[in-house]
Amino acid sequence: MRTHKSAAIAVVAVAAGLSLTACNSDGSTSGSASASGGASASATAAAGTNGGATGGSPQAKADGSGSDSGGGSAQAAGGSGGGSICHASDLSGVRASSKTTGGAEVLTTVRLTNNGSSSCSMHGFPGVDLNFQGGGSDSATRSDTSPVSVTLSPGQSTTFQLMTPYNNSGGTGVNVTSLTVTPPNDTHQLTVRQPQINLAVTDGSNSSPKNIQVGPVGGNVD
């Protein structure tokens, strides 16, 4: 009897153990599913985060572009404060003086003043068009004088010379009413009025001889 009882108890214990294992197995599966669900959710969240970062990349790029732009602005500001070229918009021009050399040539000195708020530099020859009374114009060619570099602080001036033939024709000639000046390395112009230049008319029209020359900027910085 004791043997049968022990066997029965053993059977009941084994059955109970199997039942408990089954429960634990079910619980573990649920837990795994739950863990999988959590992992999926984490993965989804991670994907969302990555998606946000990808979506944010253009913004980061734009910010980077902004930084580059800022650097460019800083560089431009630095150039403007240092040796940036003198632009026509920051310059004014007047006839400073005229003189005749040996009755053959007139030297007209034109003064350019830096009216800007920062220093600027020039090197080379200005472009000069002579505008005639009654219409028409002529352009000066460059002389063989070597150019120098000049830096103008705000308010400072420099000069260049315009060489024109003296009118010894005996006629009234043609008056130059203004000069259109393009500073070296610039693409815009400024106007110098009343240069007091008179040229001989060689062909019966308002045109001048082609031996008009301009020297480089850089004289008399003050």
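Every value quoted in this text rests on a predicted model; they were computed, and no experiment measured them.

## Details of the overall build of the chain
- Assigned secondary structure in the chain consists of one helix and 11 strands.
- Each helix (α) and strand (β) of the chain, taken in turn from the N terminus, gives the series α-β-β-β-β-β-β-β-β-β-β-β.
- Sorting the 222 residues of the chain into buried and exposed places 27% on the buried side.
- Within the chain, counting contacts between residues at least 6 apart in sequence, those at least 24 apart form 74% of the total.
- For the chain, the accessible area works out to roughly 12,700 Å², and carbon and sulfur atoms hold 53% of it.

## As for the sheet that holds strand β9 (residues 174-182)
- With antiparallel pairing, four strands are arranged side by side in an open sheet as β5-β4-β9-β10. One side of each edge strand has no neighbouring strand; the edge strands of this open sheet are β5 (137-139) and β10 (190-199). Sheet twist, expressed as the average angle between the axes of neighbouring strands with direction ignored, equals 30°.
- Direction of pairing for β9 relative to β10: antiparallel, over a ladder of seven bridges. Bridging across to β10, Asn-175 finds its partner in Asn-198.

## Describing the environment of Gly-136
- Within the element layout of this structure, Gly-136 appears in the loop between β4 (127-132) and β5.
- Considered as a pair, Gly-136 and Val-176 are 40 residues apart in the sequence and their alpha carbons are 9.8 Å apart.
- Discounting residues that sit within four places of it in the chain, Gly-136 has contacts with Leu-130 and Asn-131.

## Details of the side chain of Thr-182
- Summarising the element assignment, Thr-182 is placed in strand β9.
- Within the local environment of Thr-182, its side chain forms a polar contact with the side chain of Gln-189, the two groups lying 3.3 Å apart.
- For Thr-182, the residues in contact, after removing those within four places along its chain, are Pro-126, Gly-127, Thr-187, His-188 and Gln-189.

## A short note on the sheet that holds strand β2 (residues 105-114)
- The strand order across the open sheet built from five strands is β1-β2-β8-β11-β6, with neighbouring strands paired in mixed fashion. Since the sheet does not close on itself, it has two edges, and those belong to β1 (91-101) and β6 (141-142), each with one partner.
- Pairing between strand β8 (residues 157-165) and strand β11 (residues 213-214): two bridges, direction antiparallel. Considered in β11, the bridge of Leu-162 is made with Val-214.

## Some remarks on unusual backbone geometry
- The phi dihedral of Gln-194 falls on the positive side, at around 50°, and the residue is not glycine.
- You can see Gln-194 is positioned in strand β10.

## Here we look at the state of the cysteines
- Taken as a whole and assessed by the stated rule, the structure comprises one disulfide.
- The disulfide partner of Cys-86 is Cys-120, and the gap between their sulfur atoms is 2.0 Å. The S-S bond linking Cys-86 to Cys-120 shows a torsion near 90°; that makes this disulfide right-handed. Here Cys-120 lies in strand β3 (residues 120-123) and Cys-86 lies in the loop between α1 (2-81) and β1, a separation of 34 residues in the sequence. There is no split in this pair, since Cys-86 and Cys-120 are both buried.

## Considerations on the pattern of salt bridges
- Tallied over the full model, the rule gives one salt bridge.
- Its salt-bridge partner being Arg-111, residue Asp-222 comes within 3.3 Å of it at the nearest N-O pair. Remark: Arg-111 occurs in strand β2 and Asp-222 occurs in the segment after β11; sequence separation between them is 111 residues.
- A residue is classified by how much of its surface remains accessible, and Arg-111, at 23% relative accessible area, is partly exposed.

## Section: the nonpolar core
- With 26 residues, the main nonpolar core has Met-122, Val-128, Leu-130, Phe-160, Leu-162, Leu-179 and Leu-199 as its most contacted residues.
- At the level of elements, β2, β3, β4, β7 (149-152), β8, β9 and β10 are the ones that each hand at least two residues to this core.
- When neighbours within four sequence positions are excluded, Met-122 is seen to be in contact with Cys-86, Leu-91, Leu-112, Val-148, Ser-149, Val-150, Leu-152, Thr-158, Pro-183, Pro-184 and Val-217.

## Overview of the confidence of the model for the chain
- Here the chain averages 72 in pLDDT, and 59% of its residues register 70 or above.
- Across residues 1-82, where pLDDT falls below 50, the model places seven contacts with residues more than four positions away in sequence or in other chains.
- Within the model, pLDDT remains below 50 along residues 203-208, and this stretch shows 13 contacts once partners closer than five positions in the same chain are excluded.

Scoring rules and cut-offs
Residues numbered from 1 in each chain as written. Predicted model: local features only at pLDDT ≥ 70, side-chain atom pairs only at ≥ 80, totals over all residues. Heavy atoms only, no water. Helix = DSSP H or I, 4+ residues; strand = E, 2+ residues; numbered from the N terminus. Buried < 20%, exposed > 50% of the residue type's maximum accessible area, 1.4 Å probe, protein only. Contact = heavy atoms within 4.5 Å. Areas by Shrake-Rupley, 256 points an atom, 1.4 Å probe, with all protein chains shown as cover. Pairing = 2+ DSSP bridges. Axes fitted to C-alpha atoms, helices over the stretch in contact; angles between N-to-C directions. Polar contact = N/O pair within 3.5 Å; in protein donor to acceptor, adjacent residues only side chain to side chain. Disulfide = S-S within 2.5 Å. Salt bridge = Lys/Arg side-chain N within 4 Å of Asp/Glu carboxyl O. Core = buried A, V, L, I, M, F, W, Y, C linked by side-chain atoms within 4.5 Å. pLDDT = per-residue confidence, 0-100.

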